[in-house]
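Architecture at a glance
The residues making up each chain are set out below.
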Amino acid sequence: MLLLLGLCLGLPLCTGSQEEAWSWGDTSEQVGLRVPRQLRLLQRLKTKPLMTEFSIKSTIISRYAFTTVSSKMLNRASEDQDVEFQMQIPAAAFITNFTMLIGDKVYQGAITERGKKNADRVKKKRNETTEDNGDEGTDTFRASLVIPSKDKAAFLLSYEELLQRRLGKYEHIISVRPQQLVGRLTVDVTVLERSGIVALEVLPLRNSRQKGGARAEDDSGPPPSSVINQNETFANVVFKPSVVQQAKIAQNGILGDFIIRYDVNREQKVGDIQVLNGYFVHYFAPKDLPPLPKNVVFVLDTSASMVGTKLQQTRDALTTILHDLRPQDHFSIIGFSNRIKVWKDHLVPVTPNNVIDGKFYIHLMSPSGGTDINGALQAAIRLLNNYVSHNDIEDRSVSLVIFLTDGKPTVGETRVPKILSNTKEAAQGQICIFTIGIGNDVDFKLLEKLSLDNCGLTRHVLEEEDAGAQLIGFYDEIRTPLLSDIRIDYPSGLVEHATKTVFPNYFNGSEIVIAGKLVDRKTDQLHVEVTASNSKKFVILKTDVPVEPQKERNGVPRSPSSRGDGEQDLNHIERLWSYLTVKELLSSWLQSDNEPEKEKLRQKVQDLAMTYHFLTPFTSMKLRKPVLHEDTLEVTRGMSAATGPETVMQSLRGSTVQPGPMLKKPYDPRIKLSKTSVDGDPHFVVDFPLSQLTVCFNIDGQPGDILRLVSDHMGSGVTVNGELIGAPAPPNGHKKQRTYFGTITILINQPERSYLEITPSRVILDGGDRLVLPCNQSVVVGSRGLEVAVSANANVTVTIQGTIAFVVLIHLYKKPAPFQRNHLGFYISKSKGLSSNCHGLLGQFLNQETKLTEDSSGHSTNLTNSPLARAEGTSETILQVKGHRVPVVWKQRKIYNGEEQIDCWFARNNAAKLIDGVYKDYLASHPFDTETTLGLGESTGSESSSLN
C-alpha cells in the first residue's frame, strides 16, 4: 500500500531544487565561512516549507475505525519548493480517499480499476517497500509535490480499519510524525460502543523505531495535554500538545504512536450481534472456558545469519515460553540450518525436568550453515501427526507449529510453491502454523502464505527490534486456546454473502467477527447457532436475536453514502461487511494457485473495492483534473465514505459539484431575525410576541459543555445543540472566564437524515452527499426540503421544509483581545414547523405565553417591555410562564452583533426558576445527542437505549 503518489498521479515532482539547496548549504563550508549555529538553523527554517497544521480525527463505531489526516503547509521562500506528505497507516487499513490542495487548485482522489499486470507489480512492490520503510504492522503513504513560492498546500488522507482484539483489548494506533514542530497539532479520537466501554486507557507515546525518534519524559501515563471524556458507551480523547510540549518529546517532530486501548462489555455467550439497514455483524469472544491442551513444536532458525543478538534474544524468549506451558500441554523443539536438529523424536509432557532439559538444549544451539525451511516444517508436522495418531487422547487438543526464521530457503527444497504444497499436504488442515520473520532478508511473502494456508498468523519483526520480546508477545496471543472446530450458522434463507463462518481455533483474548446481509430487511429476528469443541465436551450455543426497526441510535450519524446516486445511505456495519469481504477475497487470491480462480477473485475484489472506494492491490487512486476552489463546492463521494459518521472536515474547498439534487445560486444576504436567540457569553433571549414580552437569562457553563438548545427529535425531527469554548475574562470583570458557542450542530431527522456542523470557519452538511462550505464565501445549497445559505463572514441560514428557519451569526475578530474568541450566535427565525412538545433551553418557550404579575410596588399586571416603565434594575417583578413564578428585573440587552438594543425581563441565577429542571439537565453527551430527560412527549431513553 506504499504509494509514491507523485509517480502515479502525474504531478510534477522536482528534486533539483532540494539538491540545489543542499549544495548551497555546503558552499559556505567550502569557502571557509563560519556561520553561527543559530543562523544556520534560521537558514534551514527559511528554506523548509512550514507545516502550519497537522490534525487527525478518528471515529470508532463498534470496533470499526474511520480516520482522516489533515496537513497544511506554507512555502515562505522566494522560490518553488519540494514538499513530501508522509503518513504511517496500519497495514490492515484501506485508504479510501486522498485530496491535495495546491494554491487555488484542488486535486481530488478517485479510486479506479487497475490492470492485472499492474496489480501483480504493485503487490510485489508493496512487499519490498513496506519492509524498507514501515514499522512492523504499518505501511507508509507518501505524496510529493512542488509548492509555488509564497503559496500554500494541504493534504487530506482518509482510511478505514477493523480493530483487532488481542490479549483482551482493542488497540487503535495513530502515527503522529509530522516531521517538524507544528503550531496546531491535534489528535481527536471518538469511541462509540453500544455494548459499553471497559478499561479504556491512553498509553504513553510509543517511541519511534527510527533514528531521532521520540523520547517522552514521562512514560507512566497519557501523553501531555491529553483530555479524556467518557461515559458508559461514549469516549472522546483529545491530544493537543503545544509547540513547547512537542519539543520536549521530540524536536524533530517525530512524536511516535498515539495509542488507545479498550475492551467492551460481553454479556451474551453467543456474542454481540448488531443489525442495521439489512446488514449484520456478529462479534464472538467467549470467556470463562477451560483451556484446551495444546501440542506445540517450536521451530527455530539456527543458520549463520542468526548469529549474535537475534539468536540470544530468541533463546531467552523461548526459555520464558517453556515456563509458561501448562501441565496438560505437550511440546518439542527443532533447530534448523543445513541440518534438521530435533531435540526429541516425540512430543513430551510439560514436567519440571522436561522444561529444564528443553532450556538446556536451547542454550546449546549454535548458528551455522544455511536455511532448510522445507525440511524443518516437515519434521515439525511429522512430530505432531505421530503424537496425535499414536496416543489415545481423551481431551480434544490443538496442534501448533511456531516457526521463526530470518532468511530465505537456501538448502534442500528452495522452490517456494513446492514448499507451500508440501506443507499444506502434510498438515492436512489439522495443524496451524504460526510464523515470525525477522529482519529485511526474510521471505515474508512465503511466511504469510504458509500461515494463510495453515490456519495461522504471521508477524514481521524489524532488524532493530527485540526479536525475543516479539516472540513472547506473539505467543501470548495463542497461549490459551479455548475452542476448536468452530462453526457459526445462520438461516440460509435469511442470510446471504456472509463472511467466513468456520474457524479452526479460538484463542482467549481474541475475537471472531462475521458480517453478512439479510435477505429480508423486514425480518424481526435472526437465529444464530454456534457449535464448537471445548476440552472434553461439544458446545452448542443458540439464540434468536431481535432485529430492531432501522433507526438511528441516539442521534449518532451513519456513515454517509459514497455513491451519490440516490441509494440509501451506507452505515458502519455495511462498510465493515465490505471491509471483511475484501480482506477475505484477497487472502483467497493469495492462497490460490489456480489462474482462472485467481482471476475471478481479482475481479470480485476490484468490483467491491470500486463500490466502497477501497484502495487495494487491484485498484489505484488517480487525482481528478484540478479545479479552482473559489467557484466550486465540495461533494466528495469517496471522501464521505472515507470518514464515517463524524461530521469532520474531509477536504478543503474543492471538487466540482456532482449533478443531482444539490443546487447553487447567488445568495441574497438579507435575512429576517427574531429576538429568540442565544449569543455572546452566552446571553439567551426569548421573545413572547403574543404577550408582547421579551425574557432574557444567562447560562454560566464550562468550556466543552454541549447545551441542548432545541430538542424536537420526536416531533419535527429537529435537534440543535451548541458547544461552548472558553476565554479569559476581561480585566476587572466579575467573571473568572468567558464562554462562547464555538460550534452549532443541527440534526434533521425528517424526511431524510441530515447533519449540520457550523463553526466560524466552515459549514459541514452531511446528507445524501457530504458538503464542506467555507464561511468566507457566499453560497446556497439545497436538497430534499433542506436549504443552507452562507453569507460570507456574516451568517448561515438553515431552512427546513419552509416552516423552520435558524440563523447562525458569525462573529470574527481581526485582532482579538485576550478575552475575545471567534464565535457564533444562534437565532430562531421561524418556528412554525416545530412541534408543541419541543424542548431545550430555547425550544421549551416557543409555544408558550407569559404574563407579569404585580410586584410589591403595585405595578399593573399588564406590563410590557416599555423602557418607560422603570429604570433598569430598580424593581423586581414576577413572571408567570409554564406554571413557574420567576422573579425578574428589567434590563436592556444588545443583540444582532450589537446592532440592536432590546428591553427584556431578566431571570437570574442561571434561569433556575425559569427553565424546566436545572442547567445540568441540558448537557448533551456529544454534538448530535438527541436524548433529553425533560419535556412532554420526548423520549427519555429510547434513543439512548438503542445505543447502549
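Only a predicted model underlies this, so the values are computations on that prediction, with no experimental measurement involved.

1. Quick notes on the packing of helix α6 (residues 309-324) against helix α7 (residues 352-364)
- Following both chains from N to C, one finds α6 and α7 inclined at 170°, their axes separated by 10 Å at the closest point. Between α6 and α7, the crossing angle belongs to the class labelled roughly antiparallel. Where α6 approaches α7, its residues Arg315, Asp316, Leu318, Thr319, Leu322 and His323 are matched on the opposing element by Val355, Gly358, Lys359, Ile362 and His363.
- Of the residues belonging to the contact of α6 with α7, the class tally is 4 nonpolar, 4 polar and 3 charged.

2. Examining the packing of aromatic side chains
- Tallying each qualifying case throughout the model produces 27 aromatic pairs.
- Ring centres of Phe284 and Tyr506 lie 6.4 Å apart, and the angle between their planes is 45°; this geometry places the pair in the tilted category. With Phe284 in strand β17 (residues 279-284) and Tyr506 in strand β27 (residues 502-507), the pair connects residues that are 222 residues apart, well separated along the chain.
- With relative accessibility at 1%, the residue Phe284 sits in the buried group.
- A ring pair is formed by Trp577 and Tyr612, whose centres lie 6.2 Å apart and whose planes are at 75°; its orientation type is edge-to-face. Remark: Tyr612 occurs in helix α13 (residues 595-612) and Trp577 occurs in helix α12 (residues 572-591); sequence separation between them is 35 residues. For the pair formed by Trp577 and Tyr612, the shared burial category is buried.
- Site record: aromatic cluster; members linked through ring pairs are Tyr64, Phe66, Phe94, Tyr279, Trp577, Tyr579, Tyr612 and Phe614.
- Lying over the aromatic face of Trp589, Lys598 brings its terminal NZ or CZ to 3.9 Å of the ring centre.

3. Quick look at the environment of Asp188
- For Asp188, the location among the structural elements is in strand β11 (residues 184-192).
- Residue Asp188 is classed as buried on the basis of its relative accessible area of 17%.
- Distance in space between the C-alpha atoms of Asp188 and Lys240 is 8.4 Å, their sequence separation being 52 residues.
- Within the local environment of Asp188, its side chain forms a polar contact with the side chain of Lys57, the two groups lying 3.5 Å apart.

Parameters at a glance
Residues numbered from 1 in each chain as written. Predicted model: local features only at pLDDT ≥ 70, side-chain atom pairs only at ≥ 80, totals over all residues. Heavy atoms only, no water. Axes fitted to C-alpha atoms, helices over the stretch in contact; angles between N-to-C directions. Helix = DSSP H or I, 4+ residues; strand = E, 2+ residues; numbered from the N terminus. Parallel < 35°, antiparallel > 145°, perpendicular 65-115°, else oblique. Contact = heavy atoms within 4.5 Å. Nonpolar A, V, L, I, M, F, W, Y, C, P; charged D, E, K, R; others polar. Phe/Tyr/Trp six-rings, centres within 6.5 Å; stacked < 30°, edge-to-face > 60°. Buried < 20%, exposed > 50% of the residue type's maximum accessible area, 1.4 Å probe, protein only. Lys NZ or Arg CZ within 6 Å of the ring centre and 35° of its normal. Polar contact = N/O pair within 3.5 Å; in protein donor to acceptor, adjacent residues only side chain to side chain.

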